[in-house]
Amino acid sequence: PAHGAVKFALDVSSPADVAVVLYDAAGRSVRTLARGRYGPGSHDLAWDGKDDRGAGCRRGVYFVRTRIGTFEGTRKVVML
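In this report, we go over the structure that sits alongside the text.

Turning to the nonpolar core, a few remarks are in order. If you look at the biggest cluster of nonpolar residues, it comprises 20 residues, and the most contacted ones within it are F8, L10, V18, V20 and W47. Listed by contribution, the elements that provide at least two residues to this core are β1 (6-12), β2 (16-24), β3 (29-38), β4 (41-47), β5 (60-68) and β6 (71-79). Apart from the residues within four sequence positions on either side, F8 is in contact with L33, H43, D44, L45, W47, V64 and V77.

Neighbouring strands of a sheet are bound in pairs by backbone hydrogen bonds; such pairs are parallel or else antiparallel. Here four strands make up an open sheet; going across it, the order is β3-β2-β5-β6 and the pairing antiparallel. Sheet topology places β3 and β6 at the edges, where each strand pairs with a single neighbour. Neighbour-to-neighbour, the strand axes of the sheet open up by a mean angle of 15°, direction not taken into account. As paired elements, β2 and β5 share seven bridges and run antiparallel to each other. Residue pairing for β5: A19 is matched across the bridge by R67.

Reading the values: rules and limits
Residues numbered from 1 in each chain as written. Predicted model: local features only at pLDDT ≥ 70, side-chain atom pairs only at ≥ 80, totals over all residues. Heavy atoms only, no water. Core = buried A, V, L, I, M, F, W, Y, C linked by side-chain atoms within 4.5 Å. Buried < 20%, exposed > 50% of the residue type's maximum accessible area, 1.4 Å probe, protein only. Helix = DSSP H or I, 4+ residues; strand = E, 2+ residues; numbered from the N terminus. Contact = heavy atoms within 4.5 Å. Pairing = 2+ DSSP bridges. Axes fitted to C-alpha atoms, helices over the stretch in contact; angles between N-to-C directions.

The structure is reproduced here in structure tokens:
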């Protein structure tokens with residue numbers, strides 16, 4: 001559960017195309033947190049609780065979908 005800013009660590013083992021997108025519970029894209037080519041290493045990302053237009057997001061369940069090269073994963077974030 002989160003209240004306010006949420007921080008994420010993104011670990012990239014070798015240069016790769018990266019996309020990190022936040023979705024609401026209905027599957028709508030809310031915020032793009034990262035997109036592009038990333039070099040190896042740890043990269044810090046943060047979500048300030050706002051959507052791509054700068055409007056505050058409601059309380060609820062969100063999903064962070066991460067794609068690094070061929071890897072894909074999803075994590076749940078609960079905004080209080």
